[in-house]
Structure formats: structure tokens, C-alpha cells
Amino acid sequence: MKVISETNDGFVISEKDLQLRGTGEFFGTKQHGIPEFKIANLFEDVAMLKQVQGVALEIIDKDPLLESKENVLLKKLVDDKFKSRIEI
Amino acid sequence: MVDLEKNIQYIKGVGPNRATLLNKLGIFSLKDLITYFPREYEDRGNSKKIAELTDGEEALVYGYPVGRINEVRIRKNLMISKLIVRDETGSMLVTWYNQGYLKNIFKPNVEYKFYGKISRKYGRPEMNSPVYEEKSLSKNTGKIIPIYPLTYNLSQNVIRKIIESGLEEVKEKLEETLPEYILKKYNLYDYNTAIHQIHFPETFETFRLARKRLVFEELFSMQLALLSLKNKYEIKKQGIKFSKDVKMSEIIDKLPFKLTKAQLRVLEEIDKDMESTKPMNRLLQGDVGSGKTVVAIISAYKAVKSNYQAVIMAPTAILATQHLESFNEILKGTGIKCELLISGISKKKKEDILKRLENGEIDILIGTHAVLEENVVFKNLGLVVTDEQHRFGVRQRSIIVEKGKNPNVLVMTATPIPRTLALILYGDLDISIIDELPPNRKKIETYAVTKNMEQRVNNFITKNIEEGRQCYIVCPLVEENEEINAKSVMEIYENYKNNVFPQFRVEYLHGKMRPKEKDEIMDRFKNGDIDILVSTTVIEVGVNVPNSNIMVIQNAERFGLAQIHQLRGRVGRRRISIILHFKISRKFTNY
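Residues numbered from 1 in each chain as written. Chains lettered and ligands numbered in written order. Predicted model: local features only at pLDDT ≥ 70, side-chain atom pairs only at ≥ 80, totals over all residues.

### Quick word on the overall build of chain B
Part 1 of the reasoning: Helix and strand content of chain B: 17 helices and 21 strands.
Part 2 of the reasoning: Counting across all 591 residues of chain B, residues that qualify as buried make up 44%.
Part 3 of the reasoning: Here the analysis covers contacts within chain B between residues at least 6 apart in sequence; of these, 69% occur between residues at least 24 apart. (Helix = DSSP H or I, 4+ residues; strand = E, 2+ residues; numbered from the N terminus. Buried ≥ 20, exposed ≤ 12 C-beta atoms within 10 Å, placed from the backbone. Contact = placed C-beta atoms within 7 Å.)

### Describing the sheet that holds strand S15 (residues 430-434) of chain B
Residue and element names in this part refer to chain B.
Part 1 of the reasoning: Taken together, the 7 strands give an open sheet; going across it, the order is S11-S12-S10-S13-S14-S9-S15, and neighbouring strands pair in parallel fashion. Each edge of the open sheet is held by one strand with a lone partner, namely strand S11 (338-341) and S15. Within this sheet the neighbouring strands show an average axis-to-axis angle of 20°, counted without direction.
Part 2 of the reasoning: Of the pairings in the sheet, the one linking S11 to strand S12 (residues 364-367) comprises 4 bridges and is parallel in character. The residue of S12 that forms the bridge with Leu340 is Ile366. (Pairing = 2+ DSSP bridges. Axes fitted to C-alpha atoms, helices over the stretch in contact; angles between N-to-C directions.)

### Thoughts on the confidence of the model for chain B
Part 1 of the reasoning: Scored by pLDDT, chain B has a mean of 82; 82% of the residues are at 70 or more.
Part 2 of the reasoning: For this predicted complex, the interface score ipTM comes out at 0.75, alongside a pTM of 0.57. (pLDDT = per-residue confidence, 0-100.)

### Quick notes on the confidence of the model for chain A
Residue and element names in this part refer to chain A.
Part 1 of the reasoning: Mean pLDDT over chain A works out to 68, with 49% of the residues at or above the 70 mark.
Part 2 of the reasoning: Within chain A, the element-level pLDDT minimum falls on helix H2 (residues 10-26), averaging 52, and the maximum on helix H3 (residues 46-62), averaging 87.
Part 3 of the reasoning: Every residue in residues 21-34 is under pLDDT 50, and counting partners more than four places away or in other chains gives 37 contacts.

### Let's talk about the nonpolar core
All names here are of chain B.
Part 1 of the reasoning: The biggest cluster of nonpolar side chains holds 85 residues, and the ones touching the most others in it are Ala300, Ala310, Ile364, Ile473 and Val534.
Part 2 of the reasoning: Residue contributions to this core peak at 9 residues, all from helix H9 (residues 292-305).
Part 3 of the reasoning: Counting residues domain by domain, this core receives three or more from each of domain 4 (249-434) and domain 5 (444-581).
Part 4 of the reasoning: In this structure Ala310 touches Ala300, Ala303, Val304, Ile364, Gly382, Leu383 and Val385, once residues within four positions along its chain are discounted.
Part 5 of the reasoning: If you look at the next biggest cluster of nonpolar residues, it comprises 42 residues, including Val14, Ala194, Leu214 and Phe220. (Core = buried A, V, L, I, M, F, W, Y, C linked by C-beta atoms within 7 Å. Domains from an automatic or database assignment.)

### Things to note about helix H11 (residues 347-358) of chain B
Part 1 of the reasoning: For H11 of chain B, spanning 12 residues, the distance from its first C-alpha to its last is 16 Å, which sits close to the expected 16 Å at 1.5 Å a residue.
Part 2 of the reasoning: At the C-terminal side of H11 of chain B, Gly360 of chain B shows a positive phi close to 85°. (Expected span 1.5 Å × (residues − 1).)

### Concerning unusual backbone geometry
Part 1 of the reasoning: Even without being glycine, Leu66 of chain A reaches a positive phi, approximately 50°.
Part 2 of the reasoning: Its location among the elements puts Leu66 of chain A in the loop between H3 and helix H4 (72-83).
Part 3 of the reasoning: When the 22 C-beta atoms within 10 Å are taken as the criterion, Leu66 of chain A is described as buried.
Part 4 of the reasoning: Here Ser129 of chain B, not a glycine, exhibits a phi torsion of approximately 45°, which is positive.
Part 5 of the reasoning: As for its position among the elements, Ser129 of chain B is in strand S7 (residues 124-134).
Part 6 of the reasoning: Given 13 C-beta atoms within a 10 Å radius, Ser129 of chain B is considered partly exposed.

### Section: the pairing of strand S20 (residues 548-553) of chain B
Residues and elements named next belong to chain B.
Part 1 of the reasoning: Counted residue by residue, S20 has 6 buried out of 6 residues, so it is predominantly covered.
Part 2 of the reasoning: Judged from the 5 bridges that link them, strand S17 (residues 470-474) and S20 form a sheet pairing that is parallel. Each bridged residue has a counterpart across the sheet, and for Val474 the counterpart in S20 is Ile553.

### Brief notes about helix H16 (residues 515-526) of chain B
All names here are of chain B.
Part 1 of the reasoning: End to end, H16 covers 16 Å across 12 residues, agreeing with the expected 16 Å (1.5 Å per residue, within 8%).
Part 2 of the reasoning: Taken together, the buried positions of H16 are Lys518, Ile521, Met522 and Phe525. One face of H16 carries all of its buried residues, which in axial projection span an arc of 95°.
Part 3 of the reasoning: Next to the buried residues of H16 lie helix H10 (317-330), S17, strand S18 (506-509) and strand S19 (532-535). (Arc of directions from axis to C-beta.)

### Concerning the sheet that holds S19 of chain B
All names here are of chain B.
Part 1 of the reasoning: Pairing is parallel in the open sheet, where 4 strands are placed in the order S18-S19-S17-S20. Sheet topology places S18 and S20 at the edges, where each strand pairs with a single neighbour. For this sheet, the mean angle separating the axes of adjacent strands, direction not counted, is 20°.
Part 2 of the reasoning: As paired elements, S18 and S19 share 4 bridges and run parallel to each other. Among the inter-strand pairings, Leu509 is bridged to a residue of S19, identified as Ser535.
Part 3 of the reasoning: Running at roughly 160° to S20, helix H14 (residues 454-466) makes contact with S17 and S20 of the sheet.

Next up, the structure:
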């Protein structure tokens, strides 16, 4: 609470907040379109996030529309993501 | 094949009543159930000998009862059941409070398991209020036990059992969701193993691996989805090239105020995007009051003067109306025609707007979700601005984008997302940040006060209202449950209206109200017909009431810092001062 009464810089505050609360609570309520995670915690899992970002880039580079046979399941994952209640 | 969409009600051990409670947790289907992950775990896996027990630890002990339970009545409402338990290394005292039914439960010469917290007093270990079980049964002890988040009126035991029966139904039958080559390459558990081990891990290592697999999948699918989306935009032909002859400076020079350096920098970035053939997809971040709207207006000016139309989407009608006022004010004399499309307008007016929009008489359309409707057709849409990103999902953004031929897109948000995170989360957008407030904006004064200063706070509010100011009271979101939140708003409202400020006009606002009612209240507050507005965070999204200068945030410790920051920005326009009321009374609150 010290942080909030001492600074007016939203970015300083949000970094701190993320640190203190983790992303789950960071965005607080459902109204944010920011993805809500069931299990991942963006603060704890930053390393994993970076890793999967690389993996995803590599795959999309080779197979932009995820049409190849080996990526059938990935296509499904993406489609589900767009359909699901959870917004991305 | 397992039917993952199976209604939760028909899972063994659920039924209609428990289904209602589970629904409140967001669990509707079998799939929801098995992906309702534990918050933490208790290690009831490794047993200890009585002689090894140390003070303060939680431990599992196997032992035999010595004699019967001895009940000691301390006072009227407090009775302690005491039982001596022994193993081959020694004995310990086990105690429970007010659990009379235990008296005849323990049989001599039967081995039991006890799990609980140890305290060592006078040399002999004690275990207080343990869970217990006959050794031959294995349900609540003897393994790593999951603890679930929010459970409403369901006990951990009940929810555990329900999840167990859910898992029983899907046992080894879940379809794999990740390709084999990924599982192999990154050394991940298969889906069945992961789901089972996340709920009932055999060891902490299997838990770690299960979590790794599930986190991988969750983040990975988000990244894939974002990248696919970005691809979709980029693969698609060329974007619009707005005229280099239309200079943003034409309008900037006419503004009655000076833009900040940050605003100018951001406008330059936008200008560059607009003049290139690549369709702009830009996220504009900036605190409340940093002047995002004027950036949108200038961008729209450029689009319109290049002979395109622009659309501005706002999350609420009142915000859209406010935008219209700003647009009209700044674009006065340019001949640019702005219109407002919200659900409240008359059918005739709407038809008229739609007609003029289609034949190009309207240059800038400002509206709510109403602009997404199918019959809203533009002649030549070139710029899409969405305000407050978090109210519009990616899907809605793509609906509006489809209304033009690769229009430029500007997404504005006041949520201060750390840059590192934004880069990942908004993989599909470029990012501009306004990190400077206009010089005439005073710093918001923020005071953290405790409950015992309430009288002083109230006096301060009274003084300000008597001077003609207005005040916000913000109540905490207790849970993601609008009913409970509404109740807490109502309680505080009643108290303020009847007891604390009977002389003032007090009103309330919460998420359970209909949009029309909400807009009505906000309108009245804006017009100065309400002195004190008690609300949940529904005011979080961008409405400016310049005359309001105090915000009291109740139980502020329940909010995130970023949220508080955004909230207090609401009173920031012509602020005099602001109070954050940290009623640190967590233990005593009952709402």
C-alpha cells in the first residue's frame, strides 16, 4: 500500500502488483480481456512462456495455417481457444 | 469415448444441489470439473514415528489408541477430547475441540492414521484436531492431498470426492491434446497422466511434471492462437495507405492545449503505420487522463481527410457519448461529420444513421457493441479504434475489422500492463505507450487510512460536498459473484444514506443492474444530481466526472494495486484530492 500512495506511475505499480500477486489476481476480475489461466502463473512461469513462444513461432513459421497432419491437434487447440469461454 | 461436455449434475456424488454450487465455481461440465485444479497440496504421504516429531510441523503418524477418549469440559462452549496414541517409539496426545461424536469412534487394537499439526509441550508431542482414518482405508490420509480454491459451501472432502468420481469416468480415456512429437521433444506427460497426477499426485515429482505439462499446454495454445491471428492479418493482402498530404499537424496546431511529448511520439508511430501499406495493429496504452482520446481523434482526422471512414467502439453508452462530445469539440470547423450509434436510440434515427453511413455521409461513427451488428455497413472503413480493450475480445475486434478492407486498427487501454508481459500477451499487436501526463494534471493525492479514522474521512467528504463537489465510494469485489458484491454495495449504501450522510443525495451502482439503469445513474452523477455514488468497480471503465474529487476505496487491500491505480484515475480530471480508505479490518468484515 506504500507503493500506491507514493507513485502515480501505472507501470511501476503494475510491475509491483504482478510481483506481489501473480497474474491470476493481477487482472483482478473477469472483465479484462487478458487471458485468464487455469494453471499457469505468468510470474512464475515466465521461463516456460518464453520457451513456448519460441516453439509456437517455429511451428507457425513452418506451417502457418496448421494444416499438416502432425499438427492436427494443434489446429484443434487453436480453434478451441477461439471458441472457448475464455477470451484470448 | 468420454463425453467431456456431460452435465456436472450427472456425475456420481453430485446431483442438482451440489451442481448449483459447482456452477458457481464455473464448473458446468465434466471437462470443467477435471480441469478445476488444486490450489495447493498437503503432504500426507510420508509417515513419521512419534519420537521423530518436531514442534510446528504437519505430520502423518500411524498408531494405536491407548484406552478411550477422555472428555474435558473447559467451559460451557468448550469441550476437549483427548486421546493418547502410541507407536513403537513413544506416545502422543491427540486433541479435538467440541467433537463429542468422537467419543466411541476409536477401537482398541486397531491401527489408525492421524494427520495434523504437531506441537511439543513438556516433552510430549501433541497433535491438534487431526484428520484420522483406519490404516486399512485410504482416503484422507496417506498421500498428497489436493486443496482446491474457492469451494463455496462444499467441503474440501466433498469436492475431492466429486473430482475423484470425475476422474474415474475419464480414466485413461482422455484424448491426447498435444501432438506426439511435441510430447517427446519437450519431455511432457501425456494428457491422461497429467490430469490424474495434478489432482492426486503420487509424489511431488509427478506433481511437478503434471503441472509442467499443463502449463506448457495452456501457454502454448495461447501463443499459437495469437500467432495464428497475427498471421491472419498479415497474410491478408495489403492495408490502406493513407495520404501523406494529410498532415496530423493541421489539427494539432488548432488544439486549445499542447500535446505532451509522449502523445506526439505515439502519434508519429501511428502516422507512420497509417502511411505504410501494412495494416496498422497497434495497442495504445496510457493511464487514465494521459490523453488517449485526443490521439484517437487526430488519427481519425487523418483517416477521414484521406477519404476513409473511422469507427470508435466504446464499452458503454455513456463513454461513447462522452467520446462524441470530445470528437465534436476538437473537430469543430473541419466539416467532419460524427454520429453516435448506441442501442438506446430510436429505430428511425438508427435507420437514418445506417443509411448515411453506407453512402458515406457519416465520417466517424462512435458507438458501443451496437456497431458490430450485421446491418452496420460502411462505405469505406479505414480506421478502427476500440477503447478499453478488455471489454472487447479478440473476436469482436475481428468482426469490426471485417467491415472494412484491412482497416487500420488502434486498440486503446488504460490497463498498465508491464511491457514485457504486453509483448507476449498481445503478440498480435505493436505497442505504443503514453507514459506522461499532461502538465496541468495534478498528482493524485492518496492517503492510506484505517478504520478508526473514518470519522475524519467522513468530515472531509462533508466539507467537500458542501463546497459542491462529488464523491465516489468504491466497495471491494468480494468474489467473482455479482450477487454478493451487490449486497455489499447495498449495505454500505443504506448505511451512508440513512446514517452517515442523510443530508446528501446518495445513490448506488453495481454489476447486477441493467445497463440502462447504470447509464441513468452515471448520467445523473455526471450532471451533478448525485452527491455520493456507492459502487462496485463498474466505474472502472473510463467515465469522467470532472466535478468528483474524492474517492474512498473501502477495504482497499482487496484490490490489486493496478486496479486501485485505475480507479483513482477516475477522479483525476480536475482533482483536488483523493483518499484511499484502507479499512484494514479483514478479519472482522463479513461481506
